[in-house]
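# Structural description and commentary
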Amino acid sequence: MSKIRVAVVGCGALAKLSHLKHCQMDEDITLQVVCDTDLKNLKYCQEKFGAVRAESDWHKVIEAQDVDLCILATHQTFRGEFIIPALKAGKPVYTEKPLAPDINEMMEILKVTRETKVPVCVGHNRRSSPAMLEFKRLAEKAKAERDGALSQTVTNFVGSRSRIPEENAMQLFMRINDDSRSWKNWVFWDREGIMFAEMVHFIDVALWMNDAKPVRAFAEGSPRGNFTLLLRFSDGSLTTMVHSMVGNFDYPKELFEFTTNYYTVTMDQHFEVKQSGFADEPSVRTFPYAVAWANQHQGMPGYFQARDEELARAKKEGDAVRWLNVEKGHYSHLKRFISHVQGKGENPCPVDTAIGVNKIAMKFLESARLGLPVVINPEDWHLPE
C-alpha cells in the first residue's frame, strides 16, 4: 500500500505536540508539506519533523498534486476559507475543533461535503480515546441491561416495586480541571473563550453518550473559565460539565462518570476506567499513556508515582519537567479518518455531528450571557438530508 501524503496547515503548539509528531512516526504517512505564515517556525517544523517541503501560502497546499490529505490546525477563525476550496480540489480535510465560528460557515462546509462527496473529519478526538471507547461500551451495555448487581449495602433493604421513569435516565458528569497559566492569550480576549473553543469536546461526548435529544441548556459562570454547564435531554437524562480554570496542571484534567440502571462507571484521565454493577466485567481497567511516553506505571496510583519520579529526575538533572502525556485519541482519530478515506471504515466525526455540537455550544454562550436556561429546538441538532 502506498503511503498517504499529508499536509499540515498551521504549525502551532497543537500541531507540534500531536499532528506533526504523529505524521513523522507513522510508517503509512509521508509528511509532505508543512504550512505556516511564521517563516522561522515553518523552517523549524520542516527540519524537526522531516517534511518534504514547506509552504507559507496555504493556496499552494490546495493546488498541490502531491498532497492526498490536509490537516488543518489553525485558530478557529480560519476554517471554511481553507476547507471549502480543499474539498473542491478533491482533498479530504481533518480539521481541528471547532468546525467553524458561525452557523453560516458551518452550513456552507456541510453543503460542499455533500456536493463533492469528499470527507471532513472534525478533531473531537475523545471519541477515539481507548479509555473513552471502553467507557462508551459500558454505557451501552448498562442501557441494555435493566439492573446492575445489588451492592452489599442495599441487599437487605431492596423490595419489589415497579420502576419509575428516572431509573431509565442517565446522569453523566464531566469535570475538567484546567490551569489557565498554560493557555494562549487569545483565550482571554476571545468573547467566546473556553466555553466555545474547548467545551465542544465535552458537548460532543454528551451527545455521543446520550440516545435522547437535547432540549435545554443552562450555563453559569464566565465563558473564559470557571463555569458549570447543564444539558437536559428529552428522556430526563442530565449531563453536567464543570470547568475550572484555576486548577493545577499536574493534576489529572478529565474525570467522567455516568450512572444509569444501577450501574456506575468512571473514566479518569484516559488511563483508568472503573465500574460497579457488572458482575462479568473487571472493576478496574487501565490504559497506556501516549505513544511518546515510556511509563510503566498504570492507573491513578501509577500516574502520581510517575509524576513524582519525573519531578525528582528533573530536579536531579537540572532539566525541565516533561509533561506526562496521556492517550486522548489524537493519533487514533487521525488513523481512523485515514482508514475512512481509504474506504476501510467509518468517519469517526463527520461534519453533520459537529454542527449540532457547535450550535449547542452557542446555546450555552447565550445562556451564560442571559443568566437563564435556553431551549434547544430540533433545528439546533437536526440536519435534513
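This is a predicted model, so every value here is computed, not measured. (Residues numbered from 1 in each chain as written. Predicted model: local features only at pLDDT ≥ 70, side-chain atom pairs only at ≥ 80, totals over all residues. Heavy atoms only, no water.)

## Quick look at the environment of aspartate 57
Heads up, the rule is: Runs of E in the DSSP output that reach at least two residues are strands. Runs of H or I that reach at least four are helices, and both are numbered from the N terminus. Under the scheme applied here, a residue whose accessible area is under 20% of the maximum for its type counts as buried, over 50% as exposed, and between as partly exposed, the area being computed with a 1.4 Å probe on protein chains only. Nitrogen and oxygen atoms within 3.5 Å of one another constitute a polar contact, given that in protein one can donate a hydrogen and the other can accept it, and given that sequence-neighbouring residues count only through two side-chain atoms.
Residue placement: aspartate 57 occurs in the loop between β3 (53-55) and α3 (58-63). Given a relative accessible area of 29%, aspartate 57 falls into the partly exposed group. Placed 308 residues apart in sequence, aspartate 57 and leucine 365 show a C-alpha to C-alpha distance of 34 Å. Looking at aspartate 57, its side chain comes within polar contact range of the side chain of histidine 59, at 2.8 Å.

## Details of helix α4 (residues 80-88)
Note the threshold: Between two residues, a contact is recorded if the distance between any of their heavy atoms is within 4.5 Å.
For α4, the complete set of buried residues consists of Gly80, Phe82, Ile83, Ile84, Ala86 and Leu87. Looking at the buried residues of α4, the elements they touch are β1 (4-9), α3, β4 (69-72), β5 (93-95), α5 (103-116) and β6 (120-122). Positive phi appears at glycine 90, one or two residues downstream of α4, with a value of about 85 degrees.

## Describing the nonpolar core
Applicable threshold: In plain words, nonpolar cores are sets of buried Ala, Val, Leu, Ile, Met, Phe, Trp, Tyr and Cys residues tied together by side-chain atoms within 4.5 Å.
By size, the foremost hydrophobic cluster in this structure holds 54 residues, and its most contacted members are Leu20, Phe82, Val93 and Leu99. With 48 residues, the next largest nonpolar core counts Met170, Met195, Val205 and Phe278 among its residues.

## Quick notes on empty space enclosed by the protein
Selection criterion: Definitions used throughout: a 1 Å grid over protein atoms alone; a cavity as a set of points that fits a 1.4 Å probe which cannot get out; a pocket as an open set with protein on both sides within 12 Å along at least five of seven lines; a lining residue as one with an atom within 4 Å of a point. Grid points are joined across faces, edges and corners, and a volume is the space filled by probe spheres set on the points.
Under the criterion given, the structure shown has one cavity of 30 Å³ or more. For the largest cavity, the calculated volume is near 40 Å³. If you trace the largest cavity, you find it lined by Glu134, Leu138, Val273, Lys274, Gln275, Glu281, Pro282, Ser283, Val284 and Arg285. When residues of the lining of the largest cavity are traced back to their parent elements, those giving at least two are α6 (130-144), β13 (272-276) and β14 (284-286). If one sorts the elements of the lining of the largest cavity by residue count, β13 sits on top with three residues.

## A closer look at the packing of aromatic side chains
Selection rule: What counts as a ring pair is set by centres within 6.5 Å for rings of Phe, Tyr and Trp (its six-membered ring), and what kind of pair is set by the plane angle: stacked under 30 degrees, edge-to-face over 60, tilted for all other angles. Throughout this description, the term charge over a ring refers to an Arg CZ or Lys NZ atom that lies within 6 Å of the ring centre and within 35 degrees of the ring normal.
All told, the structure shown has 12 aromatic pairs when counted by the stated rule. Consider the rings of tyrosine 251 and phenylalanine 304, whose centres lie 5.9 Å apart with planes at 45 degrees: the pair is tilted. With tyrosine 251 in the loop between β10 (238-244) and β11 (254-260) and phenylalanine 304 in helix α10 (residues 299-317), the pair connects residues that are 53 residues apart, well separated along the chain. Looking at tyrosine 251, the relative accessible area reads 40%, which means it is partly exposed. Given the relative accessible area of 24%, phenylalanine 304 is considered partly exposed. Summarising the aromatic geometry, the rings of tyrosine 263 and phenylalanine 278 are spaced 4.1 Å apart at their centres and angled 25 degrees between planes, so their arrangement reads as stacked. You can see tyrosine 263 sitting in strand β12 (residues 263-268) and its partner phenylalanine 278 sitting in the loop between β13 and β14, a full 15 residues away along the chain. Residue phenylalanine 278 is classed as buried on the basis of its relative accessible area, which comes to 4%. In this structure an aromatic cluster arises from ring pairing among Phe135, Phe202, Phe256 and Phe258. Its end group placed over the ring of phenylalanine 49, lysine 48 keeps NZ or CZ at 5.7 Å from the ring centre.

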